[in-house]
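# Observations on the three-dimensional arrangement
Now for the letters of each chain:
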Amino acid sequence: MKRNLWRDFINVVIIWAILIPIAQTFVFWSVDHLWPAVASLQGEITKDAITFIYHVTVVVFILVTVPFVYAAIVHRVPLDDKQSAQIHRHAFGPFTLAWLGISIMINTVVFVYPGMVGLEQLWNIAADAKDPLVVDVTGQQWQWSFSYPKQGVMNSRVLEVPVDQPIKFIVKTDDVMHSFWVPIWGIKQALVPGETRSIVITPTEEVTTDQNPLARVQCSWDCGLGHAQMRAVVKVVSDKEFKAWVANQSF
Ligand SMILES: [Cu+2]
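Per an unreviewed UniProt entry, the chain goes by the name Cytochrome oxidase subunit II copper A binding domain-containing protein and belongs to Acidihalobacter yilgarnensis. The record in UniProt for the chain states the following under Catalytic activity (unreviewed entry): "4 Fe(II)-[cytochrome c] + O2 + 8 H(+)(in) = 4 Fe(III)-[cytochrome c] + 2 H2O + 4 H(+)(out)". Turning to the chain, the UniProt annotation filed under Subcellular location (unreviewed entry) states: "Membrane".

The next point concerns the packing of aromatic side chains. Think of a pair of aromatic rings as described by two things: how far the centres are apart, and how the planes are tilted against each other in angle. Taken as a whole and assessed by the stated rule, the structure comprises 10 aromatic pairs. A ring pair is formed by Y148 and F242, whose centres lie 6.0 Å apart and whose planes are at 45°; its orientation type is tilted. One end of the pair, Y148, is in strand β2 (residues 143-148); the other, F242, is in helix α4 (residues 239-250), with 94 residues separating them in the sequence. Overall, Y148 belongs to the buried group, its relative accessible area being 0%. A residue is classified by how much of its surface remains accessible, and F242, at 5% relative accessible area, is buried. Members of the aromatic cluster, each reached through a chain of ring pairs, are W144, F169, F180 and W185. The ring of W181 carries the charged tip of K188 above its face, separated from the ring centre by 5.0 Å.

Below, the discussion takes up the UniProt feature "domain: Cytochrome oxidase subunit II copper A binding" (unreviewed entry) in the chain. If you check UniProt for "domain: Cytochrome oxidase subunit II copper A binding" (unreviewed entry), the listed places come out as residues 130-248 in our numbering. Strand forms 47% of residues 130-248 and helix 8%; the C-alpha atoms that close the span are 26 Å apart.

The textbook angles at a metal center are 109.5 degrees for a tetrahedron of four donors and 90 or 180 degrees for an octahedron of six. For the copper ion, the protein coordination sphere consists of C219 (SG), W221 (O), C223 (SG) and H227 (ND1), at 2.0 to 2.4 Å. For the copper ion, the 4 donor atoms are set out with angles of 89 to 124° between them, so the coordination reads as tetrahedral. When the donor residues of the copper ion are listed from N- to C-terminus, their spacing reads C-x1-W-x1-C-x3-H.

This brings us to the side chain of H178. Locating H178 in the fold gives a position in strand β6 (residues 178-182). Owing to a relative accessible area of 0%, H178 belongs among the buried residues under this scheme. Within the local environment of H178, its side chain forms a polar contact with the side chain of D175, the two groups lying 2.8 Å apart. Setting aside anything within four residues of it in sequence, one finds H178 in contact with G139, Q140, Q141, W144, T173, A190, L191, C219, W221, C223 and M230.

Reading guide: rules and limits
- Residues numbered from 1 in each chain as written.
- Predicted model: local features only at pLDDT ≥ 70, side-chain atom pairs only at ≥ 80, totals over all residues.
- Heavy atoms only, no water.
- UniProt positions renumbered as here; feature names shortened; annotations may be inferred.
- Phe/Tyr/Trp six-rings, centres within 6.5 Å; stacked < 30°, edge-to-face > 60°.
- Helix = DSSP H or I, 4+ residues; strand = E, 2+ residues; numbered from the N terminus.
- Buried < 20%, exposed > 50% of the residue type's maximum accessible area, 1.4 Å probe, protein only.
- Lys NZ or Arg CZ within 6 Å of the ring centre and 35° of its normal.
- Donors = N, O, S within 2.8 Å, 3.2 Å for Na, K, Ca; no water.
- Tetrahedral: all angles 85-135°; square planar, octahedral: opposite > 155°, others 65-115°.
- Polar contact = N/O pair within 3.5 Å; in protein donor to acceptor, adjacent residues only side chain to side chain.
- Contact = heavy atoms within 4.5 Å.

So, in structure tokens, the structure goes:
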């Protein structure tokens, strides 16, 4: 029995060793070809985090499914087996230990990177943003409005911002929970009733909703009937264009 389990263990390891590199090749390819565009500093950090977790998840998927499929095929009970079902309780030390060890290792790694490292990077960008452009974002069922207190622009329906500058979005809701999300920026912030929260985002690309639908404000917290329609047009423009827009709004 013991010898059989060792053979199974080695077979499973061989199948892992074949499948994991093949799957990782696909992961690399899909990240290059299928990943949505990212156009903010913070989005680069979240993209790196998701990409890393994607790689890890695919490995875990293979680690878990291969033993199951292998056992189901190799240790199938013959159809003419008249024996009553038996439960085999063979503790198999090396396999259990490897399993436990790998699980602890993966969890520890993901906790540190991208978990803590990614958060630290996001916090550092926010802390380094001296005197950012402030935009007050208000969500209500089911629309957005944007005010620029320093520029004197109130209740704009369009979110127009300059490129390559940190922008501090101070978000609040007039009713239920919403979530401020511009997909192409790769990060979002929940709007919680009774709370004022903020998020610093630095757009890195001039883009408008017309050019790329991912560059729009989209509520991402199910907030009722009009949730899916709770959008706003985004325009990331040059500093010069932004100033011209502000001047236009004030009069
Ligand atoms: Cu919503």
